[in-house]
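# Structural overview for review
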Amino acid sequence: MVVQAGEGVLTRLPTPAGRLLVATAVPPERDAVARAFGAPDTPEETALPGAVLLRTPGADVLAAGVGPAAAASAPSAALPAARLAGNPYDLVVSAGIGGGFAERAPVGAVVVADRILAADLGAETPDGFVPVTGLGFGTDVHVPPAALVEAAREAGLVPGAVLTVSTVTGSADRTAELLARHPSAVAEAMEGFGVAEAAAAHGVPVLEIRAISNAIGPRDRDAWRIPAALTALTSAFVRLAPAEAGSPFALARARLVP
């Protein structure tokens, strides 16, 4: 079931078993994902604590807000609500658009994270950046289920590390610094690690999928291709979540359901 907030009362609505929660940052990303799951062109929004949720035939999709804090907050409200309602989610996906490292994930590509990394969570020192783990606490990486990553790769997505940043990269020097620190990185965005932290806190597997709207490097808004990236995001979810239960991605997901 999904829990809906209305006039201060939580109402339980029936949903199918084996539920998927997709957390995006903003409504255009949310709607791009929802279209892949059969939502109408003018979707009905449902208010949840800290989030705006759209119910579709194949997934619940949130517009959680920009940045890792908002990204963690909204799923942290939706996940326990679903569990308390007796029908918890079996997978959380952080999804949206992002920047790509040009030689690895060009504009128009869609990537899937084999690691979700907090790229700037830590401390600057005279000897360079030290991640939070190097300071002796916390974590800076979440690892999605390998079977899901492989199924996404078979569907045409580019696997690699996806970096979560609080400040979008806008210079060649910063691009080079990130690549030197994270040589397997294919993309950056601002929400994946926050979503992963929320999922981990509730014991739910997580995945991150990003359609590339721009090359990481010197900031050039005129070169961004946001509408095309949103279309690519829809297409990627269509390929990953077809109606056929025997698809590689559906089979991999089925292994996650208790």
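Look up: the structure comes first, before these words.
Residues numbered from 1 in each chain as written. Predicted model: local features only at pLDDT ≥ 70, side-chain atom pairs only at ≥ 80, totals over all residues. Heavy atoms only, no water.

### With respect to the overall build of the protein
- The secondary structure content of the protein amounts to seven helices and 14 strands.
- With 258 residues in all, the protein has 49% of them scored as buried.
- Across the protein, the fraction of contacts at a sequence separation of at least 24, relative to all contacts at a separation of at least 6, is 75%.
- Surface summary for the protein: the accessible area is close to 11,300 Å², and the carbon and sulfur share equals 59%. (Helix = DSSP H or I, 4+ residues; strand = E, 2+ residues; numbered from the N terminus. Buried < 20%, exposed > 50% of the residue type's maximum accessible area, 1.4 Å probe, protein only. Contact = heavy atoms within 4.5 Å. Areas by Shrake-Rupley, 256 points an atom, 1.4 Å probe, with all protein chains shown as cover.)

### Focus on the side chain of D140
- Here D140 shows up in the loop between strand 10 (128-131) and strand 11 (141-142).
- Among buried charged residues, D140 stands out as having no salt bridge; its nearest opposite-charge side chain is R115, 7.5 Å away.
- Setting aside its immediate chain neighbours within four residues, D140 contacts I116, L117, A118, P131, V132, T133 and F193. (Lys, Arg positive; Asp, Glu negative; His and termini not counted. Salt bridge = Lys/Arg side-chain N within 4 Å of Asp/Glu carboxyl O.)

### Quick notes on the pattern of salt bridges
- Applying the stated criterion across every chain yields a total of eight salt bridges.
- R19 is the salt-bridge partner of D60, the closest N and O atoms lying 2.4 Å from each other. Here D60 is found in strand 6 (residues 60-63), whereas its partner R19 is found in strand 3 (residues 19-24), with 41 residues between them in sequence. Here D60 and R19 have matching classes, each one buried.
- Among the charged side chains, a salt-bridge network with shared partners connects R19, R55 and D60.

### A short note on the pairing of strand 3
- In terms of burial, strand 3 is largely enclosed, as six of its six residues are buried.
- With burial as the criterion, each face of strand 3 is covered, one bearing R19, L21 and A23 and the other bearing L20, V22 and T24.
- When strand 3 meets strand 7 (residues 89-100), the two strands line up parallel, connected through five bridges. The partner of V22 across the bridge, within strand 7, is V93.
- By the bridge criterion, four bridges tie strand 3 to strand 6 in an arrangement that is parallel. Looking at the pairing, A23 lines up with L62 of strand 6. (Pairing = 2+ DSSP bridges.)

### Some remarks on the nonpolar core
- Within the largest apolar cluster, 34 residues are counted, with the highest numbers of intra-cluster contacts made by V22, V33, V93, L157, L207, I209 and F237.
- Residue assignment for this core shows that the elements contributing at least two residues are strand 3, helix 1 (27-36), strand 7, strand 8 (110-118), helix 3 (146-154), strand 14 (206-215), helix 6 (226-240) and helix 7 (248-254).
- In terms of residues, this core owes the most to one element, helix 6, which gives seven residues.
- I209 has contacts with V93, S94, A95, G96, V110, V111, V112, L157, L233, F237 and L240, leaving out every residue within four places of it along the chain.
- The next biggest cluster of nonpolar side chains, apart from the first, holds 30 residues, and it includes L48, A51, A71 and A118. (Core = buried A, V, L, I, M, F, W, Y, C linked by side-chain atoms within 4.5 Å.)

### Overview of the layout of surface pockets
- Counted as a void, the second largest pocket has a volume near 350 Å³.
- What lines the second largest pocket is a set of 19 residues, among which I97, G98, V168, M190 and W224 lie closest to the centre.
- At the level of secondary structure, the elements contributing two or more residues to the lining of the second largest pocket comprise strand 7, strand 13 (185-189) and strand 14. (1 Å grid on protein atoms, 1.4 Å probe; cavity = no way out; pocket = protein on both sides within 12 Å on 5 of 7 lines; lining within 4 Å. Points joined across faces, edges and corners; volume = space filled by probe spheres on them.)

### Here's the deal with the side chain of E191
- On the secondary structure map, E191 appears in the loop between strand 13 and helix 5 (192-201).
- Ignoring anything within four residues of it in the chain, the contact list for E191 reads A25, G65, V66, G67, A71, S94, T164 and R210.

### Re the pairing of strand 5 (residues 51-55)
- In this sheet, strand 5 lies alongside strand 4 (residues 46-48) in antiparallel orientation, the contact comprising three bridges. Within the sheet, the bridge partner assigned to L48 lies in strand 5 and is A51.
- Hairpin connection of strand 4 to strand 5: two residues between the antiparallel strands, including G50 at a positive phi of 80°.
- Examined bridge by bridge, strand 5 and strand 6 share four bridges and lie antiparallel to one another. Of the residues in strand 6, the one forming a bridge with L53 is L62.

### Examining empty space enclosed by the protein
- Here the structure, examined in full by the defined rule, presents three cavities of 30 Å³ or more.
- Its volume calculated, the largest cavity comes out at about 50 Å³.
- Lining the largest cavity, in full, are V168, T169, N214, A215, I216, G217, P218, R219, D220 and W224.

### Remarks on the environment of A59
- On the secondary structure map, A59 appears in the loop between strand 5 and strand 6.
- Under the relative-accessibility criterion, A59 is labelled buried at 3%.
- Considering only alpha carbons, one finds A59 and R19, 40 residues apart in sequence, at a separation of 6.6 Å.
- Contacts of A59, omitting those with residues within four sequence positions, involve L20, V22, F37 and L54.

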